[in-house]
Amino acid sequence: MSNSDFGLIGLAVMGQNLVLNVESRGFQVSVFNRTTSVTEEFVAAHPDKKLVGAKTLEEFVQSLASPRKVMIMVKAGGPVDAVIESLIPLLDQGDIIIDGGNSLYTDTERRDKWLGDLGFRFIGAGVSGGEEGARKGPSIMPGGPASTWDVMRPIFESIAAKVDGEPCVTHIGPGGAGHYVKMIHNGIEYGDMQLICEAYNIFKAAGFEPKELAEVFTDWNEGDLESYLIQITSKIFAQKDPATGKPLVDLILDTAGQKGTGKWTIMNAVENTVVISTINAAVEARILSSMKDQRVAASKVLEGPKPEIDAKKKKLVKKVHDALFASKIISYAQGLDLIATMGKEKGWGLDLGKIAAIWRGGCIIRARFLNHITEAYRSNPELGNLMLAPYFTDLLNDFQENWREVISMATLAGIPVPAFSASLGYYDSYRSAVLPANLLQAQRDFFGAHTYERVDKPRGEMFHTDWPEVIG
Ligand code: NBP
């Protein structure tokens with residue numbers, strides 16, 4: 001029977017939850033997984049749902065209504081190509097393949113061309129929100145031809161999270177644009193998480209217990225920092241370990257993992273010569289966290305002050321709030337700058353207001369302040385840097401004093417705050433009419449005759465000096 005509205009391959013955590021979401025919107029869904037027992041168990045666990053479990057890929061393809069809509073939700077990389085290769089002989093021209101995993105956007109561009117040349121339609125869609133988002137409503141970032149998006153739109157809009165009635169999905173742009181934006185979303189997520197961790201580290205040094213921090217983060221989540229990550233952090237602080245009764249966070253080893261989207265974001269920023277120092281710091285903080293043995297050894301020989309902060313708790317909460325919020329604005333300013341730069345480079349015609357709008361629900365970085373980012377780009381689509389939108393300029397001007405104080409306190413106490421510091425460094429560099437690059441240009445001219453411009457001559461007129469010789 002060829003009557004399923006939608007098919008999904010890859011029944012791991014994301015695939016299963018997406019299937020249940022699509023089915024719950026009234027669609028019949030066919031499913032296939034490489035390991036057949038997974039398909040059988042999944043379908044058996046949901047006897048009341050309109051699901052068709054296929055044992056073979058042939059059976060799966062035959063169960064789909066035309067044009068077939070097949071979503072691949074398998075591990076990124078080789079597995080996606082393997083699935084596509086086995087689908088090609090079974091599909092008809094005009095059928096649609098959607099890769100919903102965290103694929104590298106350059107792989108998506110390659111697959112877009114490959115499948116387009118064969119007469120198939122392809123969408124590379126970033127899906128954010130983890131397991132819960134997939135089940136209840138993710139933020140979806142689809143890229144590919146607009147005409148293919150039009151066919152997929154009813155299903156995607158029905159399964160996506162909604163904010164003020166607006167679905168958290170929009171056609172991002174052609175080719176790899178969707179997966180690209182998802183990659184930067186993940187980079188921003190790295191930044192948000194690291195900034196929260198640095199706030200926590202400062203609070204710890206000031207004697208805050210996890211129970212108190214649960215209250216601080218609960219309060220913050222009712223104010224302008226309201227976001228999914230602040231909310232889950234409050235719950236993490238409140239969580240007790242059932243075995244010992246101690247706060248669970250205190251028992252978790254301080255080494256963080258990563259899967260690669262943060263690293264890809266940094267590599268892309270370098271290629272585009274865009275500064276994303278907050279995200280860089282966040283990725284590097286994870287790398288340093290993983291060097292546990294080296295850190296433990298170094299802690300015994302490299303000296304620093306006692307990691308203690310002496311401050312009135314209530315005042316410190318406000319100061320750290322401001323430092324966190326200011327740093328977060330910088331992180332988004334940098335991430336959006338990278339998206340805008342890449343979008344122009346590729347001619348993708350990206351709409352930053354729409355991108356910020358679909359991040360307001362369903363995804364890990366959903367936050368109240370994304371409303372203001374959406375607004376900033378809606379009122380000025382040509383906005384050069386988020387910091388220059390009046391709402392954010394006012395906030396930064398307001399926060400900058402506390403921001404500096406928090407970083408100073410942390411630095412004097414030997415508490416690492418790499419993402420806070422990188423953010424402030426960017427802010428201060430960006431707002432500096434004069435930087436010490438005059439000396440740098442002199443150095444470049446000295447050893448490489450790279451020439452320099454002068455402050456007292458028109459721009460573009462180049463000068464070279466015969467510098468004194470250096471012996472030895
Ligand atoms: P995984 O990334 O863990 O992938 C597991 C799935 O891939 C299983 O269904 C597995 O089949 C299938 N698979 C593999 Br591995 N190699 C295959 C191959 N050569 N041919 C066919 N199938 C193959 O699953 P996930 O965590 O659900 O994530 C799916 C995608 O969504 C990934 O790209 C991930 O990065 C992305 N994503 C994940 C999250 C999250 O929170 N987990 C959030 C957002 C996006 P098997 O059962 O036969 O081994």
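Before going further, it helps to examine the packing of aromatic side chains. By the definition in use, this model includes 19 aromatic pairs. Measuring from ring centre to ring centre gives 4.9 Å for phenylalanine 217 and tryptophan 220, while their planes differ by 50 degrees; the resulting arrangement is tilted. Linking phenylalanine 217 with tryptophan 220, this pair stays in helix H9 (residues 210-220), spanning 3 residues, or about one helical turn. On the basis of relative accessibility, which here comes to 0%, the residue phenylalanine 217 falls in the buried class. For the pair phenylalanine 446 and tryptophan 467, a centre-to-centre distance of 5.5 Å together with 20 degrees between the ring planes defines the contact as stacked. Taken together, the residues phenylalanine 446 in helix H19 (residues 437-448) and tryptophan 467 in the segment after H19 connect sequence positions 21 residues apart. Aromatic rings pair up to connect Tyr200, Phe203, Phe208, Phe217, Trp220 and Phe237 into one cluster. Geometry around tyrosine 190 places arginine 286 over its ring, the cationic atom sitting 3.7 Å from the centre. Over the face of the ring belonging to phenylalanine 463 we find arginine 454, whose NZ or CZ atom lies 5.7 Å from the ring centre.

Annotation of the protein chain at the domain level lists domain 1 (6-175), domain 2 (182-430) and domain 3 (435-472). At the junction of the two partners, domain 1 supplies 27 residues and domain 2 supplies 22 residues. Taking both partners together, domain 1 and domain 2 bury about 1,900 Å²; carbon and sulfur atoms supply 61% of that area. Counting across the interface, domain 1 meets domain 2 through 4 salt bridges. We note a salt bridge from glutamate 109 to lysine 346, for which the minimum N-O separation is 2.7 Å. Looking at the side of domain 1 that touches domain 2, the elements that each hand over two or more residues are helix H5 (105-117), strand E6 (121-128), helix H6 (130-136), strand E7 (139-143) and strand E9 (166-167). By residue class, the composition of the side of domain 1 that touches domain 2 is 13 nonpolar, 11 polar and 3 charged.

Around the ligand, a shell composed of 18 residues is seen, among which Met14, Asn33, Arg34, Thr35 and Asn102 lie nearest. Residue lysine 75 places a main-chain N or O atom 3.3 Å away from an oxygen atom belonging to the ligand. One of the backbone N or O atoms of asparagine 102 is found 2.9 Å from an oxygen atom in the ligand. For the ligand, whose accessible area on its own is 910 Å², the fraction buried by protein is 74%. Elements with a minimum of two residues in the shell around the ligand: helix H1 (13-24) and helix H4 (78-87). Grouping the constituent residues of the shell around the ligand by class yields 10 nonpolar, 6 polar and 2 charged.

Here we take up the pattern of salt bridges. Taken as a whole, this structure holds 27 salt bridges when the rule is applied. A salt bridge links aspartate 117 to lysine 113; its shortest N-O distance comes to 2.7 Å. With aspartate 117 and lysine 113 both in helix H5, this residue pair falls 4 residues apart, about one helical turn. Taken as a pair, aspartate 117 and lysine 113 share a single burial class, namely exposed. Notably, a salt bridge pairs arginine 459 with glutamate 453, separated by 2.9 Å at the nearest N-O pair.

What follows concerns the sheet that holds strand E4 (residues 69-72). Sheet architecture is open: 7 strands sit in the order E3-E2-E1-E4-E5-E6-E7, paired in mixed fashion. Either end of the sheet is taken by a strand with one partner, and the two such strands are strand E3 (51-53) and E7. Taking the axes of each pair of neighbouring strands and ignoring which way they run, one obtains an average angle of 25 degrees across the sheet. As judged from the 4 bridges shared by E4 and strand E5 (residues 96-99), these two strands associate in the parallel manner. Across the sheet, lysine 69 pairs through a bridge with isoleucine 96, a residue of E5. With respect to the sheet, H4 is in contact with strand E1 (6-9), E4, E5 and E6, its orientation differing from that of E4 by roughly 155 degrees.

The peptide bond linking serine 66 to proline 67 adopts the cis configuration, its omega dihedral lying at -5 degrees. By the secondary structure assignment, proline 67 is in the loop between helix H3 (57-62) and E4. Phi is positive for aspartate 164, which is not a glycine, with a value near 50 degrees. The class for aspartate 164 is exposed, based on a relative accessible area of 70%. Positive phi, normally seen in glycine, also occurs at threonine 273, with a value near 45 degrees. Topologically, threonine 273 is positioned in the loop between helix H11 (261-271) and helix H12 (277-290).

Rules behind the numbers
Residues numbered from 1 in each chain as written. Predicted model: local features only at pLDDT ≥ 70, side-chain atom pairs only at ≥ 80, totals over all residues. Heavy atoms only, no water. Phe/Tyr/Trp six-rings, centres within 6.5 Å; stacked < 30°, edge-to-face > 60°. Helix = DSSP H or I, 4+ residues; strand = E, 2+ residues; numbered from the N terminus. Buried < 20%, exposed > 50% of the residue type's maximum accessible area, 1.4 Å probe, protein only. Lys NZ or Arg CZ within 6 Å of the ring centre and 35° of its normal. Domains from an automatic or database assignment. Contact = heavy atoms within 4.5 Å. Buried area = accessible area lost by both parts, 1.4 Å probe. Salt bridge = Lys/Arg side-chain N within 4 Å of Asp/Glu carboxyl O. Nonpolar A, V, L, I, M, F, W, Y, C, P; charged D, E, K, R; others polar. Near = heavy atom within 4 Å. Polar contact = N/O pair within 3.5 Å; in protein donor to acceptor, adjacent residues only side chain to side chain. Areas by Shrake-Rupley, 256 points an atom, 1.4 Å probe, with all protein chains shown as cover. Pairing = 2+ DSSP bridges. Axes fitted to C-alpha atoms, helices over the stretch in contact; angles between N-to-C directions.

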